[in-house]
Amino acid sequence: MSSRLPRTLEQYRNAIRAHELSAQEFLDETRRLIERDDPQVRAFLHLRLDAARSEAQAADPTSPLAGAAIAVKDNIMMAGERCTCGSRILEHYVAPYSATVVRSLLTAGAVVPGKTNLDEFAMGSSTENSAFFPTHNPADLTRVPGGSSGGSNAAVAAGFALGAIGSDTGGSVRQPAAFCGVVGFKPTYGLVSRYGLVAFGSSLDCIGPIARSVRDAAIMMNVMAVHDPKDATSVKRPHVDFEAALQPSLAGKRVGIIRELQGLDVQPEIAAAMEMAREAAEKSGASIIEVSLPHVLSALPAYYIIAPAECSANLGRFDGVRYGLHVNGRDMTETYSRTRNAGFGTEVKRRILIGAFVLSVGYYDAYYKKATDVRQLIADELDAAMQSADVLLTPTTPTTAFRIGAVTDPLEMYKADVFTIPANLAGIPAVSFPAGTDAAGLPIGLQLMGPRWSDAELLSSANVLFTALGGES
Amino acid sequence: MAMIIDKETLQHVASLARLEITPDEEGPLLGDLERILGYVAQLSSVDTSATVSKRPVMTELRPDEPRDGLTREEGLGGAPVMRSGFVVVRNVMGGEDE
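Quick caveat: nothing in here was measured; it's all calculated off a predicted structure.

Report on the overall build of chain A, specifying residues and quantitative values.
Helices and strands together make up the secondary structure of chain A, namely 15 helices and eleven strands. The globule rule puts the C-alpha radius of gyration for 473 residues at 23 Å, and the 21 Å found for chain A is close to it. For chain A, the spread of C-alpha atoms along the three principal axes comes to 65 × 55 × 45 Å. Residue burial in chain A is summarised as follows: out of 473 residues, 63% are buried. Partitioning the intrachain contacts of chain A with sequence separation of at least 6 by distance along the chain shows that 76% fall at a separation of at least 24.

Run through the pairing of strand β9 (residues 391–395) of chain A, naming residues and quoting values.
Residue and element names in this part refer to chain A. Of all the five residues making up β9, five are buried; the element is thus mostly covered by neighbouring parts of the structure. Relative to β9, strand β7 (residues 254–258) is paired through three bridges, and the arrangement is parallel. Paired with V255 across the two strands is V391, which belongs to β9. Where β9 lies against strand β11 (residues 443–449), four bridges are found, and the strand directions are antiparallel. What sits directly across from P395, in β11, is L446.

Lay out the interface of chain B and chain A with the relevant residues and their values.
Many authors give the size of an interface as the accessible area that is lost as the parts come together. Counting residues at the interface gives 41 residues for chain B and 55 residues for chain A. Among the elements that make up the side of chain B that touches chain A, the one with the highest residue count is helix α2 (residues 23–40) of chain B (eight residues). Class assignment for the residues of the side of chain B that touches chain A results in 24 nonpolar, eight polar and nine charged.

Report on unusual backbone geometry, specifying residues and quantitative values.
All names here are of chain A. Cis geometry marks the peptide bond from G147 to S148; its omega dihedral reads 10°. With respect to the helices, strands and loops of the structure, S148 is situated in the loop between β3 (114–116) and α5 (150–158). Of note, the phi angle at T127 is positive, near 65°, even though the residue is not glycine. Note that T127 resides in the loop between β3 and α5. Judged by C-beta crowding, with 34 C-beta atoms within 10 Å, T127 ranks as buried.

How would you explain the packing of helix α11 (residues 346–358) of chain A against helix α1 (residues 7–16) of chain B if you had to name every residue and give the values?
The N-to-C vectors of α11 of chain A and α1 of chain B enclose an angle of 100°; their axes lie 9 Å apart at closest approach. Here α11 of chain A lies roughly perpendicular to α1 of chain B, going by the angle between them. Here L353, A356 and F357 of chain A of α11 of chain A lie close against α1 of chain B, whose contacting residues are V13, A14 and L16 of chain B. Tallied by class, the residues present in the contact of α11 of chain A with α1 of chain B amount to six nonpolar, no polar and no charged.

Which residues make up the sheet that holds β11 of chain A, and what values go with them?
All names here are of chain A. Read from one edge of the open sheet, eleven strands run β1-β3-β2-β4-β6-β5-β10-β11-β9-β7-β8, paired in mixed fashion. Bordering the open sheet on either side are β1 (44–47) and β8 (287–291), each of which pairs with just one other strand. Neighbour-to-neighbour, the strand axes of this sheet turn through a mean angle of 30°, independent of strand direction. Across the sheet, helix α15 (residues 455–468) lies against β5 (183–186), β9, β10 (430–437) and β11, angled at about 0° from β10, the strand it touches most.

So what's going on with the nonpolar core? Residues and values would help.
Residues and elements named next belong to chain A. One finds I70, A155, V183, I305, L353 and L459 to be the most contacted residues of the largest nonpolar core, which totals 172 residues. For this core, the leading source of residues is helix α9 (residues 299–314), giving ten residues. Residues contacting L459, with those up to four places away along its chain left out, are F185, V214, A217, A218, F242, L246 and V431.

About the criteria used
- Residues numbered from 1 in each chain as written.
- Chains lettered and ligands numbered in written order.
- Predicted model: local features only at pLDDT ≥ 70, side-chain atom pairs only at ≥ 80, totals over all residues.
- Helix = DSSP H or I, 4+ residues; strand = E, 2+ residues; numbered from the N terminus.
- Rg over C-alpha atoms; globule rule 2.2 N^0.38 Å.
- Buried ≥ 20, exposed ≤ 12 C-beta atoms within 10 Å, placed from the backbone.
- Contact = placed C-beta atoms within 7 Å.
- Pairing = 2+ DSSP bridges.
- Nonpolar A, V, L, I, M, F, W, Y, C, P; charged D, E, K, R; others polar.
- Axes fitted to C-alpha atoms, helices over the stretch in contact; angles between N-to-C directions.
- Parallel < 35°, antiparallel > 145°, perpendicular 65-115°, else oblique.
- Core = buried A, V, L, I, M, F, W, Y, C linked by C-beta atoms within 7 Å.

The values reported here are purely geometric and, on their own, carry no functional implication.
This is the structure we're talking about:
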């Protein structure tokens, strides 16, 4: 084996094609790393390393992913494997089929080393809401990896996988990517099939890749962006080669800065990283313009009405009858409520209750209807801003990773999503990429958003900034 | 300031959601929900009277057509209690379970 192990999916693919490395050898290295470090990081809920090894052995070295290990968030189904969603209510649930995106990855030669930890039903921003255990940030084990896809992001950051997939309802791929120092991409709503993703907020949920470089995210998107009749929201689009679309510069691009977000309190090092990214963009031929989104700060309250409303409807299916935990009561109604009470954790209950409240008679118009109107307003403003800017640049998060246990107030936790939520409300693509570290050595992430279906161009712009700020090309 | 959510409303909403609120959960939950609902209620000051959708936020759904899906065994394989290909539930019409 070559003395220098590949760090990225691209380097891995090249090493496999050049016969410098076999998929099996690399997986054995990965296994050593997982066995040494995962007892501290705790990225995985379940491992399947023996199965992955035989699959790697059988993988076609000329296939797009050639036996590369891709970790899967445990709310995305893989046939025959448990799918717990980080919840007691699905602790022993075994998936009867694979998500379309998992099938696509496997067909392209990927192997799955394990299913990764998450905030219960993807509700949270720290992975502390997992019913099983918290995941630790590989950059500093005393800190959270972010959430809800904390396990997938920590796995990629720690070298337990060359890539991972997660779900992003309000920032759950991008916020932990920023905290862990990796790339996280939320595609345009409708570009990647959600068939086999356990639904949280159906009008918001997207599946996206998590990777060590923007190019790796593009390589994964080439496999993941497939039209799927099994997902009613999947949209048939002309074929795009995301990797081939990566351009070397930002010549002629207009990078927008959002006026209304500039007054927000962000950590000084993150503000400095924004400044560096602006300079790098200009140096690469882009022009910087200011755009106005008058209602962007209403995105957070609108989201915390719409997402709980959709979650309360989606989680109605967990009734102790068709799957999952079952706790007997005196009658059917008590059986439902006992099962749900025993199976759901505090944050999930909180969100179900908020959702049931905002949808209930007497409150629907004032809360839910109002939030959907505000959502439309924000989506229209974003569309208008994208007429004058090709991409919008923001921080991904107001701070770097916080300490485990440091944020106990749910409302404070929600506010970590202020920059990521607008893209979910509008269904537009957004990517978080690493942009240096703060004084404590913790990763900083910046975000680019683009118009709907500009996914390939958006990744190209992100790749230019990511490499200009020191990332691997 | 008037409370947005009181004990009775909480218990009503919990019964709609088929969740039991235990006495020691009630206080902290009421506090959390009051603060969260108070925070999201700031939307009432946003003027949405002139909002005209320029495009639907969600994509258009494909027609809902029946297709082959899971087999009965696959679909029911996760049920906690099964008998002869059926899910067993408590008696919902009153009276004793079988």
